[in-house]
Structure formats: structure tokens, C-alpha cells
Amino acid sequence: VSIYTPDLQNILSLLFFLLPASALTTGIYMIFSTKPEMATQEIQPNETLTNLKAESDTLKTKLEDERAKLHDVELHQVAEKVDGLGQFIMKTRRTLKGHGNKVLCMDWCKDKRRIVSSSQDGKVIVWDAFTTNKEHAVTMPCTWVMACAYAPSGCAVACGGLDNKCSVYPLSLDKNENLAAKKKSVAMHTNYLSACSFTNSDMQILTSSGDGTCALWDVESGQLLQSFHGHAADVLCLDLAPSETGNTFVSGGCDKKANVWDMRSGQCIQSFETHESDINSVRYYPSGDAFASGSDDATCRLYDLRADREVAIYSKESIIFGASSVDFSLSGRLLFGGYNDYTINVWDVLKGTRVSILFGHENRVSTLRLSPDGTAFCSGSWDHTLRVRDRGVITWATFPKGPHSQGER
Amino acid sequence: GASFGTGMERVIVAMQDPDMGMKMRNQRLLITVIPHAMTGNDVIEWLIQKYNITEEEARHLGGLLVQYGYIYPLREPRSLLLRSDDSPYRFQTPYFWTSSRWPATELDYAIYLAKKNIRKQGELVDYEKENYSILHKRINHTWDFVVMQAREQLRASKQRRKADRIVLECQEQAYWLINKPCVNMPLYYHYTTLGRNRVKSSICLESFMKYSEQYLHHDPIMSGCLPSNPWISDDTSHWTINTDMVGIPTRLRVERWSFSFMELLNDSMGRREFMIYLEKEFSAENLCFWVACEDLRHGESSKIILKVEEVYKNFLAPGAARWVNIDSKTMERTLEGIKRPHRFIMDDAQMHIYFLMKKYSYPRYLKSELYKNMLAKAIVPQETKKSVFPFMRRQRHSSPSPAMVTQATEDDGKAKGAGPTGTSSTTNSQI
């Protein structure tokens, strides 16, 4: 698309030379733009923008056609040969009480038993979930701490929310030491922090924000390493890809889009727009070839990155509240979703059926993560508690064979 | 949104009021004197006075003004922060206000990048270089125009007073920092995605079947775990037999190393075993190089230059102690790039070595005696017997905090962090 014709070029260069040097502060660059006030008669910016929009729409349709050409089978068809799972019984093994207000976010430590959680009243707590002991607590200077993350080393936590920042707190061994004193401000956005995650080390943090961007930060210096622009509204969630080259991540936002980004260049390399409302949560399938999303449209969906399309929808007519948080079991066979109707629904990823519905929380489930070794999953809720759950068993290790088993622990 | 913008604009207009506005003065920037500037301190003080707010609130509001581009810093232009010291700032000309409905077009951005590139070689930073080459392809038909404009603007700027030139450059840079267009969206994105190689659904979906089947027994929620799930039995044996430095690994763990090269490298014990194998094959430098590149990629920004030098010295320099065999084209590109080191400078070389190991060394390792022996002696834990009183709960023991464990090794002079170097802590680490 060529906006400037050769004749126009000549006119513009002439104008440029004629303008006095004192036009400096009013912006000498205006004549090269399509800004209406300063445009010459030759430039019709509205017409040009309409052309661009039309071209964009045509390409979008072409794109959908190309994607559809290779879609030769549905997931549940391929999964017909796989055994069904029957109904699962899940049991609560630990209940963590200590937050005085809505729990908004949680993350596991790599040691498979510690977690960090954050709440609406500004409190961030580090627990040994196995013993249910609280090990550290810090009060943030803001309310609504919507994001928290555990550092890979287990030596620090990151958190943020309405303060528009992401701060890192080294976990002090001295119980008497005030954690807040060692706080390090790393990320700065122009709107609330919705999610944060350390990358492969303690040295970098990836953030997403209500300002519509994601960003990568150097923890030591607070320097912005890369920013990611492309969402048209608040970005609500992100997840790092478990890939060999370790260079991509996915984000979801209020623009109903899920975008896959290249961390090196800041480019958006894939985009998916099939949800009908805000995307609250995104999580990669363990192989890194796909990711799941949970949305206010009450569905969870699976997107395959190589097929470049949505391949499954997890929904039921009886589920009408939004999904706030999703995660996979270790093998990727199960997808856990926390919902705003206080329940957790567990889905058979391959067959698309629901294998369990879990009650217990007395308010919205806001956050849900599987432990690093997949032995349990933790959910946080607006009912101020966190619950650690896993499957009901007959002996310590084995599972009941049929859907109606007796004597489960 | 728009209302946010006009609110900030009201503040800015008030700040520039000739009577009640900020007192401007000349600010020194290195050896040049910039007129009509103010310090960060000035801004905060004025906001406190004018709106009768606390310093914290003034800092926050002032910070927003910088973030949205209404005020820009003269020093460290890339850091859009309001510093409460004598750092100099200036008002952005209204033309560049973020709230203006003028969308930053690709053409203007291309001209800006071309100017930077012409003015001084190597002034473009990574993402700018990428954007530049994308735009070069994308709007190639108007590229002569872009270069011509860039040259003319540079020529005109040379005729200005230095102070004015610096001011304008800062204004422009601040503007593009905030408003750089999404160069790849929407049109560019659509063009590239049309040409993308897609895989048939049947092939992709088949891989999900295979993956979940392969990992079925490794998934505790699907298959349980031995000797027992700690959360149910309150017995942490399952964790202690799977630590990094355990003497004999479990069979499941060793089997998992054969699922993919990534699984082998992600397990610190697997990586250690692989290193032993490579040493026997006299190709250990490949893994060492890969580890060093990971450390560079994920480490502190401040250590990048030092680490790049180390990697060059140890692995790439002619006659290096652990010289790695990279193809000449990649080596040439890498050596050229080292002149301007950044975090990703070793990516090409690292990827080359990674795929070399994956294709040749990894399959050989899986067939080797070393691996087979490991698999043979690996343990399959017995399922914990239910106690006579099944409902009596065991005591739940605490474990040493990861912070404490790592503190101990740090005191020994080893580096902190989940980097590639495994800790040789002898404590019963749960990490």
C-alpha cells in the first residue's frame, strides 16, 4: 500500500525547504504525517485508513480459510480410541487460613511444598503448605495484590497490583527482620499489575498490566529489557513456554485475544481470537505445543500452536460463570479450572468431558496451580482461604478402579 | 482512555502557566545548556504545593506525567521515571502528546529509525533493529522516500543550535519510546501468518494422545505415586528419594530422561550423567558451552559483557581450551556480533550446539552402558504399607527453607540462583 505518490514527494520536499527554522517547536515533522490539520490538499488520511482497514479484514478472512484447510479432524474424534476416565473424587488435604481478605493469586515454590499467596488487603504470605505453617508475611503498601510469584531459587518472591509495580522481596532467614526493608522495585507500569513470573532465573521478571502491555525486566537494575505491545485492552495473564529454545510466552487480555510473543524481539508471533469475553488465565500444555485459556465467557479452550488454531472447547450449559484460572495435570490429560461460581471443574483434555466438579470454597476461586511435581493442586479463593487437594485413594498410592469405589481416603 | 489524557493535560497546562506555573531555568546537560527545563525535584514540589497533596502522591502523579510522555527526561531518556533529584526534565511539545488522536504511522517510525541509523552506526537497539528490517521489507516500495526524508531531516537539524537540536532529539526519542507502532500488527502480522507453515490437525492432535500416554505413570493425579503421595500419607519419602543429589534415582526418573533431550537437561542429575558420558566421548565442551550460554541469557544485565568475554575466551577464540565446533557462517556471525555484546548474542551458536547434541550425542547416550546401568540399578519404591491404625495421622515434619540451604552454599562462595550449576549441598535439600 503506497500512501505517497511521486508527485506528492516533490511537493512535500519543497514545503520542507520553505519552512523557517523557527517552526522547530511546533514540530517540523508534521508535514510528513497524515495529521489532518497540517495535511496538504493531496493527502486524504481518512480514505487511506479505510483502505488499510479493508485490506486488513480481507487478510483476516483469508487467514481463517487457510487455517481451516488443514483442520481435517476434531480432537474428540482422535480421542475415541483412548479409554474414558470415569468420575474422579478429589479430596482437600490442607486448608490454609490466615489471609484476612480475598486471596487473589498464588504460586508454588520449586521445593514442591512451599507456596506464596497474595490478597486484597495487601498481605503477601509464604507458607509451608505441607505443615500449613506461615513462614513469612509482608504487607504491601497497596491493596489488591493481584500478582505474586516465587523465584526459581526459592530465595525471593515477587508481587504487585494496584501500585502498578512489581517488587521483589528477598526471603530473610531472620524471623525478626522486616521483609519490607529489603524490598526492591523492579517493574513499573502505568496501570495495575495483573500477573508476574520469573523466567528461568531469579534475574528476570515478566509482567503483564492493565495498561495493555507486557514487559520483561532485569531484576538487579530495574531496567526494562523488552516491552510487548499488541493487546488492545488490559492484559490479565501470562505464561512462559516450556520450550527447548525458551524464548516465547503467551498472554491473554480483555480484548478477548491470546497472543504468543517472542521475548527477544518483542514481536507477537501468533494470535488467537475465539473467546467471547475477557481471557482471565492462560497456561501452556506441558509439551509446549499448545496452551489452554479460561475466560469470562464460561469456557476453557485449547489452542494448538502448530495447527495455529483452537482445537477444543471445554464447556457445559450448566456452567454459566467465568473461569478465572486454569492449569494442567503433569501429563496434560487433565485440565483444572477455577470458576467464579465457587467451583472447580476438572476436564478430560482429550475427550472434552468433565471428570469432576469440586465444591468447598465459599466464594469465587481466583487462582489455581498444580504443584511442580503434580502431586497436588492449590486453589485460592475470595473466601480468604487456600486449599490443597488431590485424588482420593484406597491405599496410600493406588486409585479406585471404578467410578463408585468404597473406602477412599 | 481519553478522559485520563485530558486530566493530565490540564495539569500540564497549569504547570506551564506564566504566573502560577513552574519556574523554569536553564539546565546543564553535560556541556550544553538546555533552556526552559526543570528538575525532578521542582516538579514534585510544585505538585505538592498546587494540589495540596503528600510527597508520595506527587511522585505518583509526576511519574504518570513522564510515563505518558507529557514530560520527558533529558538524561537517560530510555528510563521513563520521575527522579526526585536534580535530574533535568522538559515539557513535551503538544504535537507529541499521547492523547492526540494521530496514530503513529509506520512511515514516520521508519523515517525516525532511518535517521538514527544514518546519524550514528549502531545507535539502534535490538528491538529497533528488528523493527527496521521488518519495515524495510514491508514498505520497501517507499524506502527511497524514507531515506530521503531521513537525510533531509538530519541535514536541517545540523543547521540548528546545539541546544535546540538536543531538545528536539530528546522530544522525538521520548515520543517514539512510548508510541512506537506495533510494526507487525495488523497488516504485517496477517501477511506473515498467511505464509506460515501449519500442521494438519490430525498430526497435532495425535501428539496429544502420545504425550498423555507417555507421561501417564508420571502423573500422580492420574496414577498415584510411590511410596505414597506426601499430601495424603504425611510421609515425605516421595520427595526425599527424588532430590537432586540422591545416591540412586528412581526408575521413573531415569526413564523420563529418554522421553526427550529437554527432559534430560532439565533434570540436574540427568545433566550430570550426560556430562560424564560426553567426557568419555571427548565432546563435553558442547554441554559446557550450552550451560554458559544459558547463564548469559538468564543472568544479570550487568554481567553480560563479562560473560560474553568469558565465553569467547573459553569456547570460541582460536586455540581456546574448550573450542566448540560451530559451522563457519554461524561462527562468523557470532564473532561479528561479539563486538557489540548483548544478552542474545550467543543464541545462534547455542542453538547450533544444542541441536548437534540432540541429534548425535543424546541418542548415543541412551544406547550407552552408562545409561543402561543407571536404569538397571534405579529403584522402584515399595508402596508404603498402611499402618495398623490407618486413621492415625503422622507428624508433619518441616523442611529447611530453600533460602537457608542456598545461603549456606552462598557462604561457601558459590553462586545463588537456579542457574545451570547444581549445588553440591550435602543437606537433605527439598529443592
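As the structure is a prediction and not an experimental result, all values here were calculated from the model.

(A) Representation of the overall build of chain A within the structure. Counting its secondary structure elements, chain A contains 3 helices and 28 strands. Looking at chain A as a whole, 61% of its 409 residues are labelled buried. For chain A, the accessible area works out to roughly 15300 Å², and carbon and sulfur atoms hold 51% of it.

(B) Structural view of the UniProt feature "repeat: WD" (unreviewed entry) in chain A. Residue and element names in this part refer to chain A. Mapped onto this numbering, the UniProt entry annotates "repeat: WD" (unreviewed entry) at residues 96-137, 186-227, 228-271, 272-313, 325-357 and 358-390. Structurally, residues 186-227 is divided into 0% helix and 60% strand, and its ends, taken at the C-alpha atoms, are 14 Å apart. Segment residues 325-357 splits into 0% helix and 58% strand. End C-alpha atoms: 15 Å apart.

(C) View of helix H5 (residues 126-138) of chain B. Between its first and last C-alpha atoms H5(B) spans 18 Å; for 13 residues at 1.5 Å apiece the expected length is 18 Å, and the two agree. Along H5(B), the residues classified as buried are Tyr127(B), Glu128(B), Asn131(B), Tyr132(B), Ile134(B), Leu135(B) and Arg138(B).

(D) Just the sheet that holds strand S22 (residues 323-328) of chain A, in detail. Residues and elements named next belong to chain A. What the 4 strands build is an open sheet, ordered S22-S23-S24-S25; its pairing is antiparallel. The sheet is open, and its two borders are formed by S22 and strand S25 (354-358), each paired with just one other strand. Sheet twist, expressed as the mean angle between neighbouring strand axes with direction ignored, is 20°. By the bridge criterion, 5 bridges tie strand S23 (residues 334-339) to strand S24 (residues 344-348) in an arrangement that is antiparallel. Within the sheet, the bridge partner assigned to Gly 338 lies in S24 and is Ile 344.

(E) Structural detail: the sheet that holds strand S14 (residues 235-240) of chain A. Residue and element names in this part refer to chain A. Taken in spatial order, the 4 strands make up an open sheet running S14-S15-S16-S17, and their pairing is antiparallel. Of all the strands in the sheet, the pair left with one neighbour each is S14 and strand S17 (268-272). When strand polarity is set aside, the average angle formed by the axes of neighbouring strands in this sheet is 20°. Direction of pairing for S14 relative to strand S15 (residues 248-253): antiparallel, over a ladder of 5 bridges. Across the sheet, the residue bridging to Val 235 is Gly 253, located in S15.

(F) Here's a closer look at the UniProt feature "domain: RGS" (unreviewed entry) in chain B. UniProt records the feature "domain: RGS" (unreviewed entry) at residues 260-375 of chain B, using the numbering of this structure. As a span, residues 260-375 of chain B carries 74% helix and 0% strand, and end to end its C-alpha atoms are 16 Å apart.

(G) Local environment of the environment of Gly288(A). Structurally, Gly288(A) is set in the loop between strand S18 (279-284) and strand S19 (290-295). Sequence separation of Gly288(A) and Gly246(A) is 42 residues, and the distance between their C-alpha atoms is 9.9 Å.

(H) Spatial organisation of the pattern of salt bridges. According to the stated counting rule, one finds 32 salt bridges over all chains in the structure shown. With its nearest N and O atoms 3.0 Å apart, the salt bridge here joins Glu172(B) to Lys115(B). With Glu172(B) in helix H7 (residues 162-179) and Lys115(B) in helix H4 (residues 106-119), the pair connects residues that are 57 residues apart, well separated along the chain. A cluster of three or more residues bridged by salt bridges with shared partners is formed by Asp107(A), Asp239(A), Arg283(A), Asp327(A) and Arg369(A).

(I) Highlighting the state of the cysteines. Tallied over the full model, the rule gives 0 disulfides over all chains. Cys159(A) takes part in no disulfide bond, and the closest cysteine sulfur, belonging to Cys166(A), lies 6.9 Å away. Owing to a relative accessible area of 0%, Cys159(A) belongs among the buried residues under this scheme. With no disulfide partner, Cys225(B) has as its closest neighbouring cysteine sulfur the one in Cys378(A), 17 Å distant.

Definitions and cut-offs
- Residues numbered from 1 in each chain as written.
- Chains lettered and ligands numbered in written order.
- Predicted model: local features only at pLDDT ≥ 70, side-chain atom pairs only at ≥ 80, totals over all residues.
- Heavy atoms only, no water.
- Helix = DSSP H or I, 4+ residues; strand = E, 2+ residues; numbered from the N terminus.
- Buried < 20%, exposed > 50% of the residue type's maximum accessible area, 1.4 Å probe, protein only.
- Areas by Shrake-Rupley, 256 points an atom, 1.4 Å probe, with all protein chains shown as cover.
- UniProt positions renumbered as here; feature names shortened; annotations may be inferred.
- Expected span 1.5 Å × (residues − 1).
- Pairing = 2+ DSSP bridges.
- Axes fitted to C-alpha atoms, helices over the stretch in contact; angles between N-to-C directions.
- Salt bridge = Lys/Arg side-chain N within 4 Å of Asp/Glu carboxyl O.
- Disulfide = S-S within 2.5 Å.

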